[in-house]
Amino acid sequence: MTTTPLRIVHCVRSPIGGIFRHIRDLATAQSEAGHNVGVICDSSTGSEYDNRLVEELRPHLSLGLARFPMQRQLTFQDLSATLALYRHVRDLKPDVLHGHGAKGGAYARLIGTTLRLRGNMVSRVYCPHGGSLHYDPNRFEGRVYHLLEGILSRLTDGIVFVSDYEAAAYESKVGRPKAQTRMVYNGLTPEEFNPLEVGTDAADFLYIGMLRDLKGPDLFIEALYNIRLKTGTAPSAHIVGEGPDEARYHKMVASLGLEKAISFHGALPAREAFKLAKTVVVPSRAEAMPYIILETVAAQRPLIATRVGGVPEIFGRYADRLIEPGHIGKLTVAMETALTAPERMSSDAKELRSCLAETFSVELMSDRITTLYQELRGLAPGEPSTAGANKATSSRPRTQSVYARSSNR
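Keep in mind that this is a model prediction, so the values were computed, not measured.

Just checking my understanding: could you explain the overall build of the chain for this structure?
The number of helices and strands found in the chain is 14 helices and 12 strands. A globule of 409 residues ought to have a C-alpha radius of gyration of about 22 Å, and the chain, at 22 Å, matches this closely. In terms of its C-alpha atoms, the chain occupies a principal-axis envelope of roughly 70 × 45 × 40 Å. Every one of the 409 residues in the chain was classed for burial, and the buried ones make up 54%. Residue pairs in contact within the chain that sit at least 24 positions apart in sequence constitute 76% of those at least 6 positions apart. In the form shown here, the chain has an accessible surface area of approximately 17,800 Å², with 53% of it arising from carbon and sulfur atoms.

Would you explain the environment of Val240 in this entry?
Secondary-structure assignment places Val240 in strand 9 (residues 237-240). Once the C-alpha coordinates of Val240 and Ile208 are considered, the two residues, 32 residues apart in sequence, prove to be 4.6 Å apart.

Is there a simple way to think about helix 6 (residues 164-173) in this case?
Count 3.6 residues to each turn of an α-helix, and residues three or four apart come out pointing the same way. Inspection of helix 6 places Asp164, Glu166, Ala167, Ala169 and Tyr170 among the buried residues, and these make up the whole buried set. Check the buried side of helix 6 and you find it contacts strand 5 (123-127), helix 5 (140-153), strand 6 (158-161), strand 7 (180-183) and helix 11 (311-315). Two residues or fewer after helix 6 comes Gly175, characterised by a positive phi angle close to 135 degrees.

Looking at this structure, I do not really get the packing of helix 4 (residues 101-117) against helix 5. What am I missing?
Packed helices, taken two at a time, are described by the angle their axes make and the gap between the axes. Packing of helix 4 against helix 5 leaves a shortest axis separation of 10 Å and a crossing angle of 30 degrees. Relative to helix 5, helix 4 is oriented roughly parallel. Between helix 4 and helix 5 the crossing geometry is left-handed. Contact with helix 4, carried on its side by Ala102, Ala106, Arg109 and Leu110, involves Glu149, Leu152 and Ser153 of helix 5 and no other residues of that element. The residue inventory of the contact of helix 4 with helix 5, partitioned by class, reads four nonpolar, one polar and two charged.

Would you take a moment to explain the sheet that holds strand 1 (residues 7-12) for this structure?
The pairing of strands in a sheet comes from backbone hydrogen bonds and takes either a parallel or an antiparallel form. Spatial ordering of the open sheet is given by 3-2-1-4-5-6-7, a layout of seven strands whose pairing is parallel. The open sheet has two free edges, formed respectively by strand 3 (65-68) and strand 7, since each of these has just one partner strand. The sheet shows a mean angle of 20 degrees between the axes of neighbouring strands, taken without regard to direction. Examined bridge by bridge, strand 5 and strand 6 share two bridges and lie parallel to one another. Among the inter-strand pairings, Tyr126 is bridged to a residue of strand 6, identified as Ile159. Along the sheet face, helix 4 touches strand 1, strand 4 (96-100) and strand 5 and points at about 155 degrees away from the line of strand 4. Against the sheet, helix 14 (residues 362-376) contacts strand 1, strand 4, strand 5, strand 6 and strand 7, and its axis sits at roughly 170 degrees relative to strand 7.

Whenever I open this one, the nonpolar core confuses me. Can you help?
Here is a general trend for soluble globular proteins: nonpolar side chains tend to be buried in one another's company. Ile208, Phe274, Ile293 and Phe315 are the most contacted members of the largest nonpolar core, which totals 60 residues. Ranked by residues supplied to this core, first place goes to helix 10 (residues 291-298) with six residues. Of all hydrophobic cores here, the second largest spans 26 residues; its members include Ala237, Val253, Ile323 and Ala334.

Got a minute to help me understand helix 14 in this structure?
Its 15 residues give helix 14 an end-to-end C-alpha distance of 21 Å, which sits within 8% of 21 Å, the value for a rise of 1.5 Å per residue. Listed as buried for helix 14 are Val362, Met365, Ser366, Ile369, Thr370, Leu372, Tyr373, Gln374 and Leu376. Immediately beyond the C-terminal end of helix 14, within one or two residues, lies Gly378, with a positive phi of roughly 70 degrees.

What should I look at first to understand the packing of aromatic side chains in this one?
What characterises a pair of aromatic rings is the spacing of the ring centres plus the angle enclosed by the ring planes. According to the stated counting rule, one finds four aromatic pairs in the structure shown. Their ring planes at 35 degrees and their centres at 4.7 Å tell us that Tyr185 and Phe360 sit as a pair that is tilted. Here Tyr185 is found in the loop between strand 7 and strand 8 (203-208), whereas its partner Phe360 is found in the loop between helix 13 (342-353) and helix 14, with 175 residues between them in sequence. The pair formed by Tyr185 and Phe360 is uniform in burial state, with each residue classed as buried. Above the ring of Tyr126, the side-chain terminus of Arg109 is found at 3.7 Å from the ring centroid.

Would you mind showing me how to read the pattern of salt bridges here?
Here the idea is simple: oppositely charged side chains can pair when their charged atoms come close. Tallying each qualifying case throughout the model produces 21 salt bridges. A salt bridge links Arg116 to Asp157; the nearest nitrogen and oxygen atoms lie 3.3 Å apart. Of the two residues, Arg116 sits in helix 4 while Asp157 sits in the loop between helix 5 and strand 6, which places them 41 residues apart along the sequence. Exposure remark for Asp157: the relative accessible area of 1% places this residue in the buried category. Of the charged contacts, one joins Arg176 and Glu171 as a salt bridge, the two residues approaching to 3.3 Å between their closest N and O atoms. The partly exposed category is assigned to Arg176, whose relative accessible area is 45%. A relative accessible area of 31% means that Glu171 is categorised as partly exposed.

Can you walk me through the confidence of the model for the chain in this structure?
Keep in mind that low pLDDT regions are not for reading the predicted coordinates in detail. Of all residues in the chain, 92% attain a pLDDT of 70 or more, and the chain-wide mean is 91. Low pLDDT, under 50, characterises residues 387-409; the predicted model gives this stretch 55 contacts beyond four residues in sequence or across chains.

Calculation notes
Residues numbered from 1 in each chain as written. Predicted model: local features only at pLDDT ≥ 70, side-chain atom pairs only at ≥ 80, totals over all residues. Heavy atoms only, no water. Helix = DSSP H or I, 4+ residues; strand = E, 2+ residues; numbered from the N terminus. Rg over C-alpha atoms; globule rule 2.2 N^0.38 Å. Buried < 20%, exposed > 50% of the residue type's maximum accessible area, 1.4 Å probe, protein only. Contact = heavy atoms within 4.5 Å. Areas by Shrake-Rupley, 256 points an atom, 1.4 Å probe, with all protein chains shown as cover. Axes fitted to C-alpha atoms, helices over the stretch in contact; angles between N-to-C directions. Parallel < 35°, antiparallel > 145°, perpendicular 65-115°, else oblique. Left-handed = near helix turned anticlockwise from the far one by under 90°. Nonpolar A, V, L, I, M, F, W, Y, C, P; charged D, E, K, R; others polar. Pairing = 2+ DSSP bridges. Core = buried A, V, L, I, M, F, W, Y, C linked by side-chain atoms within 4.5 Å. Expected span 1.5 Å × (residues − 1). Phe/Tyr/Trp six-rings, centres within 6.5 Å; stacked < 30°, edge-to-face > 60°. Lys NZ or Arg CZ within 6 Å of the ring centre and 35° of its normal. Salt bridge = Lys/Arg side-chain N within 4 Å of Asp/Glu carboxyl O. pLDDT = per-residue confidence, 0-100.

This is the structure:
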């Protein structure tokens, strides 16, 4: 079966972490399937490691890689950024404008709507990736962001949720989507399912992820300190990653006297980082569908994780192994158990990996999302695209939201 070539532009603010991993894999797969793909992201975010990953994507993008200054919070600079992005996107004549995260989603839908008003048929697709859905709806900031999401929902043709949890959070905080929706899990490549062994000299624990409180590095450090108080010796540990709170974690480690036990590293590829320690700890306070959990499970590494976001959907029938988020006592106990029962941890890792590959694949992820694009445009595979066509937006049928559920979750 042939694939209808589309002109697809992905827009995201922050080109780091799991959200950009998702875009990188999706854009590459779509390009290899014959589509013309472009990516737009922030020019002021990202370390040398992150920027290298961004540049590695460039050869796959026939519509180019463009970087513009984009602020994380709402500012007056968003107006000039939107105008600059609009001019760039307009010249690309996209069929699909796919926004990722709260800011990328806002840019994509506002620009897409402007293009439609000018007679260009552009499908506006949004994937929250957690984003504004992490905010507490009972706090002022949360109410503002969820109100804005509700307004932008009227400018949306399709929504991709990366977990059932994210779909439910959107419905409870923003409202039931009127756009077509798909629930599509993040995916891994086949080689990432190769089990990974570590040496006997590996450290006890590894934290890998963004260095910000939302991801729980402070809890990881405090649990190590608790174990030292109880046993007299702190377990050895590595912290891999970068983020806005890094300096504070360095100070925390120093103030607790853990400098000899904990080593900080910058960003590293996940499978390289896994070799540093026997057990991976992901103590997040909030998540959507974290890649690091998928990567750890696929590599068959022992894992301690919290019951947040879509993580229980990854664990499936083993979800009772997850611990309560933000509970330092339970995290400490789980890490103590990992130290005293390594054989059990290894057995659990093997069991969990066995049920992952069929559901969480890049190929399936790309196929389901690209099929949504085709449906939004009313095209069957092989039917020619109509980029920039002057077509009334009201003539395109819109179906009611349906959340696709995985049969084995």
